[in-house]
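# Summary of the model geometry
Chain by chain, the residues:
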Number of protein chains: 2
Amino acid sequence: MYASDSFRSLLKHAPRFDTPDYHLKQMIKTPGRLADFSSGLPGFFFDFSRQRLDREVIQNLKTLAQETKAREMFSRMAAGDRVNTTENRSALHTAARGFISPGLRPEDPRILYDMQAVARKISTFSKDIRNGTITGTSGQPFTDAVVVGIGGSYLGCEFVYKALQACHCPKINLHFLSNVDIDNFGQVTSRISPGTCLWIIVSKSYTTTETMANLAQVNAYLKRHKLLPQDHLVTITAKGSPGDDPANPVLASFHMFDFIGGRYSVSSAVGGVPLSLAFGYEVFERFLKGCGRMDRHALDAPVLENIPLMAALISIWNIQVLGYTAQAVIPYSSALSKLAPHVQQLYMESLGKGVDRNGKSLPCPAGSIIFGEPGTNAQHSFFQLAHQGPAFPVEFIGVLNPGYTKNQVTAKGVFNHQELWANLIAQTMALAEGQDHDLPARTFTGNRPSSLLVLDNLSAESLGMLLSFYEARTVFEGFISGINPFDQFGVELGKVLAATLRKQMAARNHDPSHEFDHPDTNAVFYLKALFKKRIDQ
Amino acid sequence: MYASDSFRSLLKHAPRFDTPDYHLKQMIKTPGRLADFSSGLPGFFFDFSRQRLDREVIQNLKTLAQETKAREMFSRMAAGDRVNTTENRSALHTAARGFISPGLRPEDPRILYDMQAVARKISTFSKDIRNGTITGTSGQPFTDAVVVGIGGSYLGCEFVYKALQACHCPKINLHFLSNVDIDNFGQVTSRISPGTCLWIIVSKSYTTTETMANLAQVNAYLKRHKLLPQDHLVTITAKGSPGDDPANPVLASFHMFDFIGGRYSVSSAVGGVPLSLAFGYEVFERFLKGCGRMDRHALDAPVLENIPLMAALISIWNIQVLGYTAQAVIPYSSALSKLAPHVQQLYMESLGKGVDRNGKSLPCPAGSIIFGEPGTNAQHSFFQLAHQGPAFPVEFIGVLNPGYTKNQVTAKGVFNHQELWANLIAQTMALAEGQDHDLPARTFTGNRPSSLLVLDNLSAESLGMLLSFYEARTVFEGFISGINPFDQFGVELGKVLAATLRKQMAARNHDPSHEFDHPDTNAVFYLKALFKKRIDQ
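Computed from a prediction, not measured in an experiment: that's the story for all the values here. (Residues numbered from 1 in each chain as written. Chains lettered and ligands numbered in written order. Predicted model: local features only at pLDDT ≥ 70, side-chain atom pairs only at ≥ 80, totals over all residues.)

### Side note on the overall build of chain A
- A count of helical and extended segments in chain A gives 19 helices and 11 strands.
- For 537 residues, the compact-globule estimate of 2.2 N^0.38 gives 24 Å, and chain A sits close to it at 25 Å.
- Seen through its principal axes, chain A has C-alpha atoms that stretch 70 × 55 × 55 Å.
- Relative to its full complement of 537 residues, chain A shows a buried share of 61%. (Helix = DSSP H or I, 4+ residues; strand = E, 2+ residues; numbered from the N terminus. Rg over C-alpha atoms; globule rule 2.2 N^0.38 Å. Buried ≥ 20, exposed ≤ 12 C-beta atoms within 10 Å, placed from the backbone.)

### Thoughts on the domain arrangement of chain A
- Under the domain assignment, chain A is made up of domain 1 (5-67 + 301-487), domain 2 (110-285) and domain 3 (490-532).
- Put simply, the middle of domain 1 of chain A and the middle of domain 3 of chain A, counted by C-alpha atoms, are 44 Å apart. (Domains from an automatic or database assignment.)

### Digging into the packing of helix α6 (residues 110-130) of chain B against helix α11 (residues 269-279) of chain B
Residues and elements named next belong to chain B.
- At a minimum axis separation of 8 Å, α6 and α11 run at an interaxial angle of 25 degrees. In terms of orientation, α6 and α11 fall into the roughly parallel class. Between α6 and α11 the crossing geometry is right-handed. Mapping the contact onto sequence places Val118, Ala119, Ile122, Ser126, Ile129 and Arg130 in α6 and Ala269, Gly272, Val273, Ser276 and Leu277 in α11. (Axes fitted to C-alpha atoms, helices over the stretch in contact; angles between N-to-C directions. Parallel < 35°, antiparallel > 145°, perpendicular 65-115°, else oblique. Left-handed = near helix turned anticlockwise from the far one by under 90°. Contact = placed C-beta atoms within 7 Å.)

### Quick notes on the pairing of strand β8 (residues 326-331) of chain A
Residue and element names in this part refer to chain A.
- With 6 of 6 residues buried, β8 lies mostly within the body of the structure.
- In β8, alternate side chains face the same way, and those of Ala326, Ala328 and Ile330 on one face and Gln327, Val329 and Pro331 on the other are all buried.
- Of the strand pairs in this sheet, β8 and strand β9 (residues 369-371) are connected by 3 bridges, and their pairing is parallel. Residue pairing for β9: alanine 326 is matched across the bridge by isoleucine 369.
- The β-α-β motif built from β8, the intervening helix α14 (residues 339-351) and the parallel element β9 has right-handed crossover chirality.
- Pairing geometry for β8 and strand β10 (residues 394-399), over 4 bridges, is parallel. By the bridge assignment for β10, valine 329 is matched with glutamate 395. (Pairing = 2+ DSSP bridges. Right-handed = clockwise from strand over helix to strand, strands pointing away.)

Structure, rendered in structure tokens:
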């Protein structure tokens, strides 16, 4: 990308946007601005009219997408090419939605067959659990399920679980045991009843340290309550992993595939099993349908109409050209309260890289920080800085129809959902336009860019589209920037160093007279404190 | 600050830290580095040995604190001076902890008396609710309480509520209704039983739009369930506000004071009432004691030993001199899962300003983005970017003793809490040192700064120290940078613009033939969509 004519041209455009004529408060006055700077699908609308760009920049971004072959890369990804080059793997999360690219050519023709078999198994299993055909050791039907997994093994599922509750009441309540912190285990067990709880262990390799440590607690817990793993444990793991070994019997095991990475796995068994238990497989299927609809759009729509591709290009313009260092994701919907943590992982783990696909150092950082909280809450939290501190682009999300539709009253003449929207629209205006004032403390410089995504509702289909939008946006941004959005070698060093410390702790657990032996003096200091349970100063 | 000799001198130091000799992997080898670059109180330890600084910088920062009279400002604040200059108010959150500076001279000698009266009332009221002396309309004892408030009216309370659960089991379960989103109301009401639920309305002015809109829903809900406000509503509000009006009878009303801002209000009735209901007043009192201990330290300790002051100086060095644009707060403790959202508000709303105390534009941004999730979760989410993407300083928090101490087993020879610590220590090492590798994708540049705060435990006292640490750190940073950390004019423009939109909605609710009349064409487009419940493209 960096050597392309279109990227160089974008860099030349940038200074113009620091001049008064290109202040957002001027640009938004252009007639037809919204129509020209927006794109939509039925039920899904993307408004980028309050981004700091004009037609020329858009044309230039379009050329960038063409020069970097963004859509071809997406198409190759959906067809099963090994686009995860460093790990020599495909990235076929789109195939999990039953979305089969005309050109899908996975190396093994059994892949689709295997994926469909997993889906059928989820359908049957979740039905049997939900109607009480399958019970726990004590014969009681299940009421709760704990997802034991970390990172991509739970963040996306948690987001969708919370969001679906706006329109659906879970029959099986889900809980998430992610952290190796024993207090996380304590929190979760205080909320469940052992005899009616299912434990879903999610780990592709079945070696993830945190998840295996929590599994050890779970097994001890089951034993203490005289419950059998073959009645209460479910595994979601790679075929042939220790979690798929008949020598360790479990109630059911569902396969993960090496061509779907953790942060892209919500639509696989990782999301499928827990979400189908909670809401029924048919709801999960509708969610997949929504994902598939956005996948199809991402694959087929020309650049200027392609919502995730345009969002990716705008993100590149904001971060790599205009120089913003963070982006906020602000859904004006409580149901989407876990969207930002999911997108945070998806985006920062995919794009937070130092090198391109060929191992060459990037001339400027490709990824940025993503953070966010729901609005209007965010307005009463960090939006002071968004308006008067260092600027960052915001992606707002609005939902036209809330989930809750029962008895409601008005305040100041409007319903709560209308008040929410009044604030949402007002924020996009305030950030863009700013306001002059005699008092400097009450002056707003404005010219702060934002986008607005609008969903018709919080149905399973809409949520599927939203999930797939962020996945497609992320991979497009990786493809255009020339980096691999599917690997994550940056998490490895910490694991290696943690092993050296674990070894010291294990030695001391085994032999209380063991003297800590580690080259890092800080580490020895903290090892001593941890075993003494206090710091000697 | 910017004109001071010490700040100019700091700017001259900065380039040195980009040279190989000053890479963190070199600096941490200095003998005695940890002892020289750390500071502690009983039960609270602050290690800044992995920050990118040396003795010269530290001495320089010390001079900066002296030149900007940071400690004198803190002392003036605690004494009741009107340090909130733009609003001509004191900032006396420290007085809420019963911590009375020797020089406290609030204008009205009744202030302390009034505060103590509120505290006594909380003590009595919470006892009566918890032991069932006071019941709801139907005569059943209360089991749940919903805090209805937004921003500073709930974020800090929510953080402490979640954190205290590591060591204490709530007798009254708390819920938080913050967002004006009707789905937030739907979520909360799905979790409570009307007859046993208390509603705590928190708004100083009792005019906060979101809170009043939610109060309207609550009143309708109570009426529908034939419950009386005088049995089920509690208000925390300013004396004489509409929430303190005997014409609108409530079960109890507790006063807020104009000299304690929302984001600094956890230790006032805002946190006191709900937390005392949940855990008992004696637990809240211990929390206050912890706050007071840190206040005392912030006031008395010389610069180099003063933990919050050193943390503030390091933050200024990182953001305003080295140029980092964001900071992460990563507690290795599930119990502290809501610390980052609280600190995010506290810090970004306090320091996200464009002008200094005198209304002069700041030459460089004073505040930064703060974000975070608990570790090890964050390692499996955005830490890929922390290690290989654009760098940001991290504040790690470790707790030597977890809350949960029941049956535990080992995995890989260590207990979960030890595994957590192995990871925590490893992350500080990995970020600082990095690692060379033949493969660029596996190379870690290192030199990424972090601090480590260590708490002995999760007791109420420790949590009080932690809360007060962040408050003191924030105000110190404001005092040194020369900005007012107590106002928030940046949230006003959005409110004004929202009112113009609300007016249009109310007119349409009143008269379905009302044609929207608003100068912003985007706004009209969205108003139409909201009332049609879909976007016509």
